[in-house]
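Now for the letters of each chain:
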Amino acid sequence: MAKPKSSLMDKIVSLCKRKGFVFQASEIYGGIGNTYDYGPLGVELLRKVREAWWNAMVTARPDVVGLDSAIIQNPKVWETSGHVGGFSDPMVDCKKCKGRFRADNLEHASCLEKPSKRPGECDGELTEAREFNLMFKTSVGPVEGTGSMAYLRPETAQGIFLNFKNVLESARMKPPFGIAQIGKSFRNEITPGNFVFRTREFEQGEMEFFVPPAEEKQWYDFWKNERFDWYKRHGITESKLRLRDHDKDELAHYSTACADVEYEYPFGWGELEGIACRTDFDLKRHSEASGTDLVYFDPQTKEKYTPFVIEPAGGINRMALTFLIDAYEEEQLEKDVRTVLHFHPLIAPTTVAVFPLVKKDGMPEKANEIVEMLRMARFTTDYDEKAAIGRRYRRQDEVGTPFCVTVDGDTLEGDVVTVRHRDSMEQEKVKISELVGYLHNAVMAWKR
Ligand code: GAP
């Protein structure tokens, strides 16, 4: 599978707009920097990514439960977590063009007035570097002022720490156990970019896994491998994935180890997800600041301790982008080139498309009965009767639909349909009464 590397990102961006995956936000007003809306196929893609994450992290595990905590919390939360004091980038301003740039990234930035020059290399003078906090501020209630000031959360993780005791008691969990959450986070990123890779509003899938301190290393290794494997199981090309352990000088002061699952994007290797050992730092800090004892008492051993935490933290949008990039292929066929997205069927926005071979002889009616049957069986199903059958297959290939079902003369006479597989383009005859089971098995048996 040869992938043209040069303008792959441009092709992905264009396909996303054309097919309704991703649109620029506020587009009719000229947009708003690096903010995106997800269209009909994009929301399905995000939903499938979320479901795949949640299934692996919560549904399939007896030792992890879910949570949905508030985006706006008491501002003291962010003082205690260190985000008010430390969640910042060093920034410089250009006195001439008023551009603001990360001081540690000037070699990759461009002057706003002369894009071929770097900031400071044009005739504009740069200010001294100043720390710029990445949290968005807002005010709560009818009166604006410091008393009503609050932050939009920059990570979902803190909501989990705040609810440690609630979950421990209500769900009767005992370490080792985890609390998982999917939700929006907000960061006033100075250098967002590469389409939806880094945006100011994004969704995270985070899980805090609370363990007895002596089990930290064992669970860290477990979650590193499990998260790496999750991407492979969901079809990401293994040679484009790597696990990178952080050097000591990259670690936060409270962290004993951290590793990133990285992907080789068209713009280079980049972080897809991080797995961190956060020790007992967060629970201890929140205990001290709130006065609520966030410890675990083991009734059997009579031991009382603050659990250590292993945190796998990924971005749902970044995962979706990675699935899109990795799935994209322009495949040279005998007579032409087809654009195809080789999504894992669990990730594909549409799982199955149903076509009547022609728009007559009762075929559309039969095809619609099959659509109803597949929707009742919870397959994300599309129906298309427009254009020649070959064109319809290609339309589905381009959005990554793994299976197409065609209703033809045999269906009317013998209750069999033709199932066409996206990747091999092979076709098989399947009885309508066996179609749901057949597709279910094909989804589960799919291999890249
Ligand atoms: N609680 C730990 C934490 O938030 P992080 O590395 O800052 O760690 C975790 O974020 C993941 O969230 C990243 O690996 C990335 O996938 C995603 N992420 C972070 N910032 C993002 C942004 N500005 N846009 C899109 N995704 C982002």
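Being a predicted model, the structure only gives us computed values, none of them experimental.

A. Region of interest: the packing of helix 10 (residues 363-376) against helix 13 (residues 435-445). Viewed as axis vectors pointing N to C, helix 10 and helix 13 meet at an angle of 55°, and their least axial separation amounts to 10 Å. It follows from the interaxial angle that helix 10 and helix 13 lie oblique. Helix 13 is crossed by helix 10, and the crossing has right-handed handedness. Residue-level contacts link Ile 370, Met 373 and Leu 374 of helix 10 to Leu 435, Val 436 and Leu 439 of helix 13. Split into classes, the residues belonging to the contact of helix 10 with helix 13 amount to six nonpolar, no polar and no charged.

B. Main features of a nonpolar patch on the surface. Together, Ile 71, Ile 72 and Val 140 make up a nonpolar patch on the protein surface, roughly 220 Å² of accessible area in all. When you line up the elements, Ile 71 lands in the loop between strand 3 (64-66) and helix 3 (76-81). For Ile 71, a relative accessible area of 31% translates into the label partly exposed.

C. Inspection of the nonpolar core at higher detail. Counting residues in hydrophobic clusters, the biggest one holds 57 residues, and the most contacted among them are Phe 21, Met 319 and Phe 343. At nine residues, helix 2 (residues 40-59) tops the list of elements feeding residues into this core. Within the second largest apolar cluster, 20 residues are counted, among which are Ile 370, Val 407, Val 417 and Leu 435.

D. View of the site of the ligand. Among the 20 residues in the neighbourhood of the ligand, the closest are listed as Glu 155, Arg 187, Thr 199, Glu 206 and Glu 271. Contacts to the ligand include Arg 187, whose side-chain N or O atom sits 2.8 Å from an oxygen atom. In this structure, Leu 272 approaches the ligand through a main-chain N or O atom, which is 2.9 Å from an oxygen atom. Burial of the ligand by the protein chains amounts to 88% of its free accessible area of 550 Å². Elements supplying a minimum of two residues to the shell around the ligand: strand 10 (201-211), strand 13 (268-279) and strand 16 (308-315). Of the residues in the shell around the ligand, the class split is five nonpolar, five polar and 10 charged.

Reading the values: rules and limits
Residue numbering note: each chain is counted from 1, following its sequence as written. Local features in this predicted model are restricted to residues whose pLDDT is 70 or higher, and side-chain atom pairs enter the listing and the counts only when it is 80 or higher, whereas totals over whole chains, interfaces and linings include all residues. Water and hydrogen atoms play no part in the side-chain values, which are based on all heavy atoms of the structure. Angles run from 0 to 180 degrees between N-to-C directions of axes, and those axes are lines fitted to C-alpha atoms, restricted for helices to the stretch in contact. Note on conventions: DSSP H or I runs of at least 4 residues are helices, E runs of at least 2 residues are strands, and numbering of each starts at the N terminus. With respect to orientation, any angle under 35 degrees is reported as roughly parallel, any angle over 145 as roughly antiparallel, any angle of 65 to 115 as roughly perpendicular, and every other angle as oblique. Whether a crossing is left-handed or right-handed is set by the direction in which the near helix is turned from the far one by less than a right angle, anticlockwise for left-handed and clockwise for right-handed. Every residue pair with non-hydrogen atoms within 4.5 Å of one another is taken to be in contact. Gly counts as polar in this scheme, as do all residues outside two lists: the nonpolar Ala, Val, Leu, Ile, Met, Phe, Trp, Tyr, Cys and Pro, and the charged Asp, Glu, Lys and Arg. Each patch is built from salt-bridge-free residues with over 30% relative accessible area, joining like charges within 9 Å and nonpolar side chains (Val, Leu, Ile, Met, Phe, Trp, Tyr) within 5 Å. Areas reported as accessible are Shrake-Rupley estimates using a 1.4 Å probe. Residue values count occlusion only from the protein chains shown. Salt bridge, as used here, is a side-chain nitrogen of Lys or Arg placed within 4 Å of a carboxyl oxygen of Asp or Glu. Throughout, exposure labels follow a simple rule: accessible area from a 1.4 Å probe, protein chains only, divided by the maximum for the residue type, with under 20% read as buried, over 50% as exposed, and the rest as partly exposed. Among buried residues, the Ala, Val, Leu, Ile, Met, Phe, Trp, Tyr and Cys ones that are joined through side-chain atoms within 4.5 Å form a nonpolar core. Here a residue is near a molecule or strand as soon as one of its heavy atoms is found within 4 Å of it. Side-chain atoms alone can form a polar contact between residues adjacent in sequence; in general such a contact is a pair of N or O atoms within 3.5 Å, and within protein one must be able to donate a hydrogen while the other accepts it.

Geometric values such as these leave the question of function open.
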